[in-house]
Structure formats: C-alpha cells, structure tokens
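So you can see what is in the structure, the chains are spelled out below.
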Amino acid sequence: MKIDFGAYDGATAAPFAFEDRSFQLSSETDRLTDVLLCPPHYLAPVPCCAVTRQNLAQGLVTQVDEAQRQHGVLVQLLQSQGVRCHMLTPDPDLADMCFTRDVGVSTPWGMVALNPAMPHRQAEVDRLTNAYRDWRVPVRRITSGTIEGGDVCVAREGLLILGMSGERSSAAGVEEFSAPFRAAGWDVLICPFHSDHLHLDTIFCMVDRHQAIGCADLLDPGFVRALSVHGVSLIPLPETVAPSLGCNILSLGDRRIVTSTDAIVPPLLRQAGYRVMEVDISQFTACGGGVHCLTQPLRRVPTGE
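In this report, we go over the structure that sits alongside the text.

The rules we used
- Residues numbered from 1 in each chain as written.
- Predicted model: local features only at pLDDT ≥ 70, side-chain atom pairs only at ≥ 80, totals over all residues.
- Heavy atoms only, no water.
- Pairing = 2+ DSSP bridges.
- Helix = DSSP H or I, 4+ residues; strand = E, 2+ residues; numbered from the N terminus.
- Axes fitted to C-alpha atoms, helices over the stretch in contact; angles between N-to-C directions.
- Contact = heavy atoms within 4.5 Å.
- Salt bridge = Lys/Arg side-chain N within 4 Å of Asp/Glu carboxyl O.
- Buried < 20%, exposed > 50% of the residue type's maximum accessible area, 1.4 Å probe, protein only.
- Core = buried A, V, L, I, M, F, W, Y, C linked by side-chain atoms within 4.5 Å.

### Considerations on the sheet that holds strand E7 (residues 152–156)
Sheet architecture is open: three strands sit in the order E7-E8-E9, paired in mixed fashion. A single partner strand is all that each edge strand has here, and the edge strands are E7 and strand E9 (187–192). Strand-to-strand twist across the sheet, computed as the mean angle between neighbouring axes with direction ignored, equals 20°. Direction of pairing for strand E8 (residues 159–164) relative to E9: parallel, over a ladder of six bridges. Bridging across to E9, isoleucine 161 finds its partner in leucine 189. Of the strands in this sheet, E7, E8 and E9 touch helix H4 (residues 171–183), which is tilted by about 175° from E8. Those strands touched by helix H5 (residues 221–229) are E8 and E9, and its axis lies near 150° from that of E9.

Following this line, the structure appears as structure tokens:
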C-alpha cells in the first residue's frame, strides 16, 4: 500500500493543543497516539554521516518544496491512522531539526531530552525543552556523555535496547539514560555497531513486541543471541538496505508499519503478516534519515486500552 495524498498544508500548521500531557510509553510497538514532528522548511544536507557524505559527493542538492510535500504526506498518513501530530517550529539555523527522534525520547516515566554528539544538533535540544516548557510537559535532561534517539529502543515492558557506536551515543550517556530502567528492574541490551551506520535504527527496528527487523550481518552476534534469549525473533534483511534507510520504520501498533518506499522491506513485512504503508521520503533518506528519524513518539497505549 503506497501512500500519496497529494497536496497538503498540514505540515505548516501551528502546534496542536495538548489535551493530555501525560506523555509516556513502555513499548516501541504499542498503539501510537501522539507524535512530535518538525516541518522541513530548512532541510539541507549536513555532511555528518556516511550516507550524506556519499550523496553530497554525487551532487546531492535538497529540494525543500518536495521535502515539504513528502513530509505533509507523512503527516496526513499518521493523522488518517488516528495519530495526533504535534509540531515544533523549525529554525533556519537548524537544518536537521526535522529529524525529531534524535533529541528526545518518551519513556515509562515521561519525556527525556537527550544530548546529541554532533555540535550542530545541540541547539535542537534547547528548542525541544523550551517547547515542552511552553506546553507544560515535564522533561528530564541527559547531561552526562552523549546519547541520540536513533540509538534508543524501548522495546517492550521490561526490555530496553540501546545502540552504541562510540561516535553518537557514549557509554556515559547510555548509563545515565538507562539508570531509571535498570532501577525498575528492566533488562538492558547494548548493541555495539560500526559508526558508518550512524544509529542503531538504520540497521535494527522493532516491528512487534516479540519481533524485529535487522541487517543481520551488521548486527553484533552477541546482541542477536541476546535477542533470542529474550524471545525476540529477527526478520533478517540484507545489509544493502542500510544506506537507503529501508530498515528505518515506524510501528503504529496493531501490526501497522510505516516504511519508506523500498523494494525489499515492505514485501518481507507483508509476508510476515503486517499491514505496511509506504511513503516516499527520498529527500530525507538522501540526508541520512528515515521515517523512524522523522518521528518522536510521545505517547503509546497498549492494544485494547
């Protein structure tokens, strides 16, 4: 199922009113009710990851009008699935601000503002915390080491998965973020990976409480074994989908998955029994970010709640 709603101006809308500020989630794949996005008015390629550097070397120039159209299609798709979309105001000095996942994460104990490793993204955290303050949403801020949202996977109740390449998320950042989870008795799995892959969510994403997709050859073997021990099966993907962000998906819950347009991942997910909605986000994948990167889930509820 490929999605193209055509022209849509919702991506330029003012922030939505918050009826419920108790933003929290305990699973990456529970039913998504609220998500934070940022319109890509100032999207531009920043050469801070292997994908973007390669595309720049091949002459990449972003088309902001097309990026806005693609983002609008994504917003309308989410809304059509019952997801409330809340907007940050874009900043002309912050080209990556549309990738909201990396600067904040919702947890069972509320919102956490992260600490990106890349200097050009640090100001995004200030914008995020200011917005939360204006919306009267409590937020905890990470101050030790660095950690980015693409490396954070609140897999399910009792299981936290964190990626650590050493470039974006450091041991100190991972430790501070995971401390409340460990104190609550959660198991914490750490997946080391090569920094060329930017974040864990470019090579691994949960699609259900007990199933994930991942580029098996790029994942640490010890991590894959630990997944099995914790009852998480892996749908293996070829490593060729990593540069195109094919693995970077968003679960809406109820076995509904939003993916970028891709020849490999959607058919595999459909074969596994998922309802897949494909969107063209090529302007963003060229800049190193996919559907997962563009969305910061604020609140999820278990199916049936």
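### Quick notes on the pattern of salt bridges
If you walk through the whole model with that rule in mind, you get 15 salt bridges. Ionic pairing is found between aspartate 34 and arginine 84, a salt bridge with its closest N-O pair at 2.9 Å. On the criterion of sequence distance, the pair formed by aspartate 34 in strand E2 (residues 31–37) and arginine 84 in strand E3 (residues 84–87) is long-range, its members being 50 residues apart. The class of arginine 84 is partly exposed, set by a relative accessible area of 40%. Two residues, aspartate 208 and arginine 255, come together in a salt bridge whose shortest N-O distance is 2.9 Å. Here arginine 255 lies in the loop between strand E13 (250–253) and strand E14 (256–260) and aspartate 208 lies in strand E10 (residues 204–208), a separation of 47 residues in the sequence. Exposure remark for arginine 255: the relative accessible area of 32% places this residue in the partly exposed category.

### Quick notes on the nonpolar core
Counting residues in hydrophobic clusters, the biggest one holds 33 residues, and the most contacted among them are Ile161, Phe204, Ile213 and Leu269. Where this core is concerned, the elements lending two or more residues are E7, E8, E9, E10, strand E11 (211–215), H5, strand E12 (233–237) and helix H6 (265–271). Aside from chain neighbours lying at most four places away, what touches leucine 269 is Val207, Ile213, Ile235, Ile257, Thr259, Tyr274 and Val276. Leu37, Met87, Val291 and Leu294 belong to the second largest nonpolar core, which has 26 residues in total.

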